[in-house]
Amino acid sequence: FNSEYGTVAEPDVTIRMKQQRLDFAGQSQAPTESIRTIDFKFAQSSYEHTEYEGSEPGTTFRNDGYQVRIDVVHGRIGAFQGAFGFQGIDFDFEALGDEGFLPGTGTRTWSAFIYEEAAFDRWRFQVCGRYDHTRVAAEDNPARPPVPLQPVRDPSRPPARRECAELVLDAPGGLPPDGFPVTW
């Protein structure tokens with residue numbers, strides 16, 4: 001995809017953009033007795049745009065990388081059936097030119113996830129989890145010394161944590177009208 005367009009801020013500035021993307025997806029059905037399907041997805045992309053003042057090229061922004069994901073759906077193991085998988089992302093960004101104030105960065109993310117479900121009589125029990133690990137590395141730029149950052153959070157408070165857990169109970173035909181007797 002190639003495009004050229006102007007900006008509203010400066011009438012003599014235009015932007016020339018180029019973007020390429022490749023997507024691939026596939027599935028293997030019942031590769032083993034215990035595995036129902038394996039889905040595979042891969043995407044590679046390359047993005048670049050250059051700002052021009054008149055006919056002179058100015059700052060160029062580039063973002064190149066890929067994503068890969070594998071989903072495995074398994075058959076019943078005891079009372080449970082479900083899926084698990086992995087995802088990886090790798091992108092490199094750079095801004096080149098006089099107004100390229102941002103450092104080049106490399107972002108690497110990998111994730112693992114699981115979803116399981118079991119049915120007991122009229123009840124369905126679901127449990128899931130996901131772990132993400134992200135690393136962003138920025139290049140040093142001697143022309144632009146680092147700017148000291150101010151703390152974003154109140155140091156007297158513990159750092160924020162992101163956790164997720166869910167328990168879903170579902171009764172076919174709806175829940176009893178009087179609720180459930182709960183014993184602890």
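As a reminder, the structure under discussion sits directly above these lines.
Just so it is clear, the structure is predicted and the values come from calculations on it, not from any experiment.

A. Spotlight on the environment of valine 13. Relative to the helices and strands, valine 13 is located in strand β2 (residues 13–29). Taking the C-alpha atoms as reference points, valine 13 and tyrosine 52, separated by 39 residues in sequence, lie 5.5 Å from one another. Ignoring any residue separated from it by four or fewer positions in sequence, one finds valine 13 in contact with Gly6, Thr7, Tyr52 and Glu53.

B. Molecular detail of the pattern of salt bridges. Overall, the coordinates contain 9 salt bridges when judged by the stated rule. Notably, a salt bridge pairs aspartate 92 with arginine 108, separated by 3.0 Å at the nearest N-O pair. Residue aspartate 92 is found in strand β5 (residues 80–96), and its partner arginine 108 is found in strand β6 (residues 105–120); the two are separated by 16 residues along the sequence. A salt bridge links arginine 124 to glutamate 117, with the shortest nitrogen-to-oxygen separation between them at 3.7 Å. Among the residues examined, arginine 124 registers a relative accessible area of 26% and is labelled partly exposed. Linked through salt bridges whose partners overlap, the residues forming this network are Lys18, Glu48, Arg62 and Glu94.

C. Looking closely at the pairing of strand β3 (residues 35–53). Both β2 and β3 contribute to a ladder of 17 bridges, which runs antiparallel. Bridge pairing links leucine 22 to glutamine 44 in β3. The sheet contact formed by β3 and strand β4 (residues 56–77) spans 17 bridges and is antiparallel. In the sheet register, phenylalanine 42 faces β4, and the bridge partner there is valine 68. In this structure, the hairpin formed by β3 and β4 is closed by a connection of 2 residues, where glycine 54 is found at a positive phi of approximately 65°.

D. Structural detail: a negative patch on the surface. Together, Glu10, Asp12, Glu53, Asp98 and Glu99 line one region of the surface with negative charge. Considering the arrangement of structural elements, one finds glutamate 10 in the loop between β1 (2–6) and β2.

E. Representation of the side chain of serine 111 in the model. With respect to the element layout, serine 111 can be found in strand β6. Owing to a relative accessible area of 2%, serine 111 belongs among the buried residues under this scheme. For serine 111, the side chain forms a polar contact with the side chain of aspartate 132, separated by 2.3 Å. Setting aside its immediate chain neighbours within four residues, serine 111 contacts Gly85, Phe86, Gln87, Arg130, Tyr131 and Asp132.

About the thresholds
- Residues numbered from 1 in each chain as written.
- Predicted model: local features only at pLDDT ≥ 70, side-chain atom pairs only at ≥ 80, totals over all residues.
- Heavy atoms only, no water.
- Helix = DSSP H or I, 4+ residues; strand = E, 2+ residues; numbered from the N terminus.
- Contact = heavy atoms within 4.5 Å.
- Salt bridge = Lys/Arg side-chain N within 4 Å of Asp/Glu carboxyl O.
- Buried < 20%, exposed > 50% of the residue type's maximum accessible area, 1.4 Å probe, protein only.
- Pairing = 2+ DSSP bridges.
- Patch = residues over 30% accessible without salt bridge, like charges linked within 9 Å, V, L, I, M, F, W, Y side chains within 5 Å.
- Areas by Shrake-Rupley, 256 points an atom, 1.4 Å probe, with all protein chains shown as cover.
- Lys, Arg positive; Asp, Glu negative; His and termini not counted.
- Charge placed at Lys NZ, Arg CZ, Asp CG, Glu CD.
- Polar contact = N/O pair within 3.5 Å; in protein donor to acceptor, adjacent residues only side chain to side chain.

Just distances and angles here, no functional claims.
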